[in-house]
Amino acid sequence: MYPNSFMQYPATAGIPHPKGPPNAPYTVFYGLSTAYPAQGSTDPTSANSPHTAQQLMHAQLSRHTSSPHHHYHISSSRTGSPMPYKKTLQGTPAKTDKSRMSIVDSTLSTENEWSVLDLGGVGLKSIASVLFSYHFLTALYLNYNKLTTLAPCISKLVHLRELDASGNQLTMMPREMGLLFNLKSLLLFDNQLMTLPNEMGTLYQLETLGLEGNPLRSDLKCILMEQGALAVIASLRENIAVGAPPSEREWITIQEEEEETKEDSGTDSSPKDKFIVLCYNILCEKYATQKVYGYTPSWALAWDYRKDIIMAEIAKWNPDIICLQEVEMGLYEDTLREELREMGNYESVFYPKSRAKTMSQKEKRSVDGCATFYRVSKFSLVEDCLLEFNCTALQRQDFKKTEDFYNRVMTKDNISVMTVLQTKKTFERVLVANSHIHWDPSFADVKLVQVGILMEELKRIASKHLSADKGPTYASVSKLPTVICGDFNSESGSGVYELLSKGSIQQDHCDFGEYKYGHYTTQGVSHAFSLKSAYHPIGELPFTNYTPQFKGVLDYIWHSSNALDVMALVGKVDHVYAAKTVGFPDAHFPSDHIPLIAELKIRVVSHKTMKPNFGPQKHHSNSHRPLMAPFSVMYRYIHR
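Structure report, in brief. All values reported here derive from a predicted model rather than from experimental measurement.

**Structural notes on the overall build of the protein**
Turning to step 1, where the next piece is worked out: In terms of regular secondary structure, the protein is built from 18 helices and 22 strands.
Turning to step 2, where the next piece is worked out: For the protein, buried positions account for 57% of its 640 residues.
Turning to step 3, where the next piece is worked out: In the protein, once contacts between residues fewer than 6 apart in sequence are set aside, the share between residues at least 24 apart is 69%.
Turning to step 4, where the next piece is worked out: Of the roughly 28,500 Å² of accessible surface on the protein, 54% is carried by carbon and sulfur atoms.

**Points about helix 9 (residues 303-317)**
Turning to step 1, where the next piece is worked out: The terminal C-alpha atoms of helix 9, which comprises 15 residues, lie 21 Å apart, in line with the 21 Å expected from a rise of 1.5 Å per residue.
Turning to step 2, where the next piece is worked out: Of all the residues in helix 9, the buried ones are Trp303, Arg306, Lys307, Ile309, Ile310, Met311, Glu313, Ile314 and Trp317.
Turning to step 3, where the next piece is worked out: Residue asparagine 318 follows helix 9 closely and has a positive phi angle near 50°.

**What to know about the packing of aromatic side chains**
Turning to step 1, where the next piece is worked out: Tallied over the full model, the rule gives 24 aromatic pairs.
Turning to step 2, where the next piece is worked out: Residues tryptophan 299 and tyrosine 305 carry aromatic rings whose centres are separated by 5.5 Å and whose planes lie at 80° to one another, so their mutual orientation is edge-to-face.
Turning to step 3, where the next piece is worked out: Among the aromatic side chains, those forming a connected cluster through ring pairs are Phe399, Phe405, Tyr406, Phe512, Tyr517 and Tyr520.
Turning to step 4, where the next piece is worked out: The aromatic ring of tyrosine 515 is capped on one face by arginine 408, whose charged end is 3.9 Å from the ring centroid.
Turning to step 5, where the next piece is worked out: Above the plane of the ring of tyrosine 546 lies lysine 551, whose end atom (NZ or CZ) is 4.7 Å from the centre.

**Points about the sheet that holds strand 13 (residues 429-436)**
Turning to step 1, where the next piece is worked out: Overall, mixed pairing links the six strands, which are arranged 11-12-13-14-20-17 in an open sheet. Edge positions in the sheet fall to strand 11 (379-388) and strand 17 (531-533), since each has one partner strand and no second. Across this sheet, the average inter-strand angle for adjacent strands is 20°, counted without regard to direction.
Turning to step 2, where the next piece is worked out: As paired elements, strand 17 and strand 20 (residues 555-560) share three bridges and run antiparallel to each other.

**Thoughts on the sheet that holds strand 7 (residues 274-281)**
Turning to step 1, where the next piece is worked out: Pairing within the open sheet is mixed, and its seven strands lie in the order 6-21-22-7-8-10-9. In this open sheet, the two strands that pair with only one neighbour each are strand 6 (251-253) and strand 9 (346-352). Between one strand axis and the next, the sheet turns by 25° as a mean value, whatever way the strands run.
Turning to step 2, where the next piece is worked out: Pairing of strand 7 with strand 22 (residues 596-602), which is carried by six bridges, proceeds in the antiparallel orientation. Residue pairing across strands places lysine 274 opposite lysine 601, the latter belonging to strand 22.
Turning to step 3, where the next piece is worked out: Sheet strands touched by helix 9: strand 6, strand 7, strand 8 (321-328), strand 21 (564-570) and strand 22. Its angle to strand 7, the strand with the most contacts, is close to 160°.

**Some remarks on the pairing of strand 20**
Turning to step 1, where the next piece is worked out: The element strand 20 is extensively covered by neighbouring structure, given that six of its six residues are classed as buried.
Turning to step 2, where the next piece is worked out: Of the two faces of strand 20, the one holding Asp555, Ile557 and His559 and the one holding Tyr556, Trp558 and Ser560 are both buried throughout.
Turning to step 3, where the next piece is worked out: Pairing analysis gives five bridges linking strand 14 (residues 482-487) to strand 20, with the strands arranged antiparallel. Residue pairing for strand 20: isoleucine 484 is matched across the bridge by tryptophan 558.

**Looking at the nonpolar core**
Turning to step 1, where the next piece is worked out: Ranked by internal contacts, the top residues of the largest apolar core, which has 58 residues, are Phe275, Val483 and Ile557.
Turning to step 2, where the next piece is worked out: Top contributing element to this core by residue count: strand 7, with six residues.
Turning to step 3, where the next piece is worked out: Excluding residues that lie within four positions of it along the chain, isoleucine 557 makes contacts with Val277, Cys279, Val483, Ile484, Cys485, Lys532, Ser533, Ala534, Leu596, Ile597 and Ala598.

**Quick word on the pattern of salt bridges**
Turning to step 1, where the next piece is worked out: Enumeration according to the criterion identifies 23 salt bridges in this entry.
Turning to step 2, where the next piece is worked out: Notably, a salt bridge pairs glutamate 388 with lysine 357, separated by 3.2 Å at the nearest N-O pair. With glutamate 388 in strand 11 and lysine 357 in the loop between strand 9 and helix 11 (361-364), this residue pair connects regions lying 31 residues apart in the sequence.
Turning to step 3, where the next piece is worked out: Accessibility expressed as a relative area gives 13% for glutamate 388, which makes it buried.
Turning to step 4, where the next piece is worked out: Taking the relative accessible area as the measure of exposure, lysine 357 reaches 55% and is therefore exposed.

**Topic: unusual backbone geometry**
Turning to step 1, where the next piece is worked out: Here phenylalanine 584 and proline 585 are connected by a cis peptide whose omega angle stands at 5°.
Turning to step 2, where the next piece is worked out: Mapped onto the fold, proline 585 is located in the loop between helix 17 (575-579) and strand 22.
Turning to step 3, where the next piece is worked out: For glutamate 540, which is not a glycine, the phi torsion comes out positive at approximately 70°.
Turning to step 4, where the next piece is worked out: Relative to the elements of secondary structure, glutamate 540 occurs in the loop between strand 17 and strand 18 (545-546).
Turning to step 5, where the next piece is worked out: Overall, the relative accessible area of 11% leaves glutamate 540 in the buried class.

**What to know about the packing of helix 2 (residues 50-63) against helix 5 (residues 218-227)**
Turning to step 1, where the next piece is worked out: The interhelical angle for the contact between helix 2 and helix 5, taken along N-to-C directions, is 100°, at an axis separation of 5 Å. Overall, the two elements helix 2 and helix 5 adopt an arrangement that is roughly perpendicular. On the side of helix 2, the interface is formed by His51, Thr52 and Gln55, while helix 5 contributes Leu224, Met225, Glu226 and Gln227.
Turning to step 2, where the next piece is worked out: Residues that form the contact of helix 2 with helix 5 fall into these classes: two nonpolar, four polar and one charged.

**Side note on the environment of leucine 278**
Turning to step 1, where the next piece is worked out: Tracing the chain through its elements places leucine 278 in strand 7.
Turning to step 2, where the next piece is worked out: Spatially, the C-alpha atom of leucine 278 lies 9.8 Å from that of valine 570, the residues being 292 residues apart in sequence.
Turning to step 3, where the next piece is worked out: Other than its neighbours up to four places away in sequence, leucine 278 contacts Ile314, Trp317, Pro319, Ile321, Ile322, Cys323, Leu324, Pro595, Leu596 and Ile597.

**Things to note about the environment of isoleucine 309**
Turning to step 1, where the next piece is worked out: Here isoleucine 309 lies in helix 9.
Turning to step 2, where the next piece is worked out: On the basis of relative accessibility, which here comes to 19%, the residue isoleucine 309 falls in the buried class.
Turning to step 3, where the next piece is worked out: It is 6.4 Å that separates the C-alpha atoms of isoleucine 309 and proline 590, two residues lying 281 residues apart in sequence.

**Looking at helix 6 (residues 229-238)**
Turning to step 1, where the next piece is worked out: Buried residues dominate helix 6, accounting for seven of its ten residues.
Turning to step 2, where the next piece is worked out: Those residues of helix 6 lying buried are Ala229, Ala231, Val232, Ile233, Ser235, Leu236 and Arg237.

**Regarding the side chain of serine 62**
Turning to step 1, where the next piece is worked out: Note that serine 62 resides in helix 2.
Turning to step 2, where the next piece is worked out: Serine 62 has contacts with Tyr144, Ser166 and Phe189, leaving out every residue within four places of it along the chain.

**Some words on the pairing of strand 7**
Regular strands place their side chains on alternate faces of the sheet.
Turning to step 1, where the next piece is worked out: Of all eight residues making up strand 7, eight are buried, and the element is well covered by its neighbours.
Turning to step 2, where the next piece is worked out: The alternating pattern of strand 7 places Lys274, Ile276, Leu278 and Tyr280 and Phe275, Val277, Cys279 and Asn281 on opposite faces, both of which are buried.
Turning to step 3, where the next piece is worked out: Note: strand 7 against strand 8, five bridges, orientation parallel. Of the residues in strand 8, the one forming a bridge with asparagine 281 is glutamine 325.

**Observations regarding the packing of helix 15 (residues 444-464) against helix 16 (residues 495-502)**
Turning to step 1, where the next piece is worked out: Put simply, helix 15 and helix 16 touch, their axes get as near as 9 Å, and they point 20° apart. On the basis of their axis angle, the class for helix 15 and helix 16 is roughly parallel. Considering how the two elements wind past one another, helix 15 and helix 16 form a crossing that is right-handed. For the pair helix 15 and helix 16, the contacting residues are Lys447, Leu448, Val451, Gly452 and Met455 in the first and Gly495, Val496, Leu499 and Leu500 in the second.
Turning to step 2, where the next piece is worked out: Grouping the amino acids of the contact of helix 15 with helix 16 by side-chain chemistry returns six nonpolar, two polar and one charged.

The rules behind these values
Residues numbered from 1 in each chain as written. Predicted model: local features only at pLDDT ≥ 70, side-chain atom pairs only at ≥ 80, totals over all residues. Heavy atoms only, no water. Helix = DSSP H or I, 4+ residues; strand = E, 2+ residues; numbered from the N terminus. Buried < 20%, exposed > 50% of the residue type's maximum accessible area, 1.4 Å probe, protein only. Contact = heavy atoms within 4.5 Å. Areas by Shrake-Rupley, 256 points an atom, 1.4 Å probe, with all protein chains shown as cover. Expected span 1.5 Å × (residues − 1). Phe/Tyr/Trp six-rings, centres within 6.5 Å; stacked < 30°, edge-to-face > 60°. Lys NZ or Arg CZ within 6 Å of the ring centre and 35° of its normal. Pairing = 2+ DSSP bridges. Axes fitted to C-alpha atoms, helices over the stretch in contact; angles between N-to-C directions. Core = buried A, V, L, I, M, F, W, Y, C linked by side-chain atoms within 4.5 Å. Salt bridge = Lys/Arg side-chain N within 4 Å of Asp/Glu carboxyl O. Parallel < 35°, antiparallel > 145°, perpendicular 65-115°, else oblique. Nonpolar A, V, L, I, M, F, W, Y, C, P; charged D, E, K, R; others polar. Left-handed = near helix turned anticlockwise from the far one by under 90°.

Rendered as structure tokens:
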């Protein structure tokens, strides 16, 4: 009943143990009927419902835990010795509930030497907020005290797996309880609860919910009686209101547009040299299941609902190039292709993952892939091709000699869709890669291999388009305007990020582990492009992927810093909204990823003789450094 992980909490020496509630049979009202059945009586409703019987059984067990620090003493008696702890609570015995709590506040160790705290049965009337700074707690027992409320800041205890607040005088639960997504057991027996906030519907990992002994409203009583406590959570989740939307993400100016005349620039000064890129993993329909996203209402997971928000998001930012990942082939063919064509005059290129080649026409429609859209009023398509990482890697003789390649790389069917676009007015060529790298964190080596292959293929394609009948001639592949978008499933401290941003990694990089991949693990990996993340000037976003278990940056827009300047970016998601949300998708965010949007400008070499300027150079065609935002812009971003 008390696993070892629940046995690492300190004794409560120095804290008096007031007499707890009597252990005599309870006569409080019963949450599923008008009164608790007296001994020897029968209740047809209770007798006929297994869910009712389960609630009664757990409630009776709970009522035997009303003595002071019951859980602590039980676990100690089972081990035959006091609980192990490094620091013992010390202090003068308190005379009031408030001072008793202050002793706990001032002496508890926060060095993660314990993870369970038993404050049950000691007559507490309130809890100091400092308790909720113990983020490491996995179990908290507040049962059989005199609490009338739980503070909203209880949501800070995000690692809680067990919470017992039975036998108090709680009349309502804070909506912030829904943020405790790790909870597996929540016991609220014998309180004064008439209802529960719908926000508690996000407790998707909950296995036990104790509600017996509360005057629940009739609809919750009915669900509890007929379907069980977990059905109550599901009902709350489905009835979560759409709620107020977050504040709009704002454009952040990175580089101010300089006023240039036609004579100064050597060409027409107009937005033709600028374009907006949007990168977005839209969450494939077949992956958007209640099993995976149990915190999201089913109506918010439905594709029709999510598609409308995705389309509205694209329309709002009005991009010229759109790189989408996790696009289901059938949905692309049936809806996305035509709707985006009508909405913004986009043409597109789509390829599904490699597994589609082995499937029937009907089966392959459910396979996801990458889709690149471009505005035909601005670009024409020169070339497109599909990069299948496993198939391309198979052509390398050095890879064929390693078992790791066959066991780890060949089994992954990730792809990248590559397009060469040409601007219609200046005939500048832009190489665009739309990639989706393998997701599993335990395959960091595979991610490195895939990105290494990506850069080799980009070099091969770029070399073919350095010159053309119309448009400029580029001195090298690093001078060709290049944009690499995608879900790289890699954080900024990864080997993938290092390879893309620095141009090389060593053969013994820790992400390779002990695996062998030919020249990659004997000579290292490098590429010929000078790349920067578009969001590098602001230090990347706080997150691009937002789920209960992971909140961080996985998606990027990389650009060739020798050929493209970042003019503006769309900033972070409203942090106040995000802090009140377990994870995406939700009513306002249709994917677990958010879109990245950047405005880029193609560098045009001026033919005018420039005057000497010995000050800081904003525009230097040979500079590899990203142009940083002015301080005022950065200040607005950080403090907005």
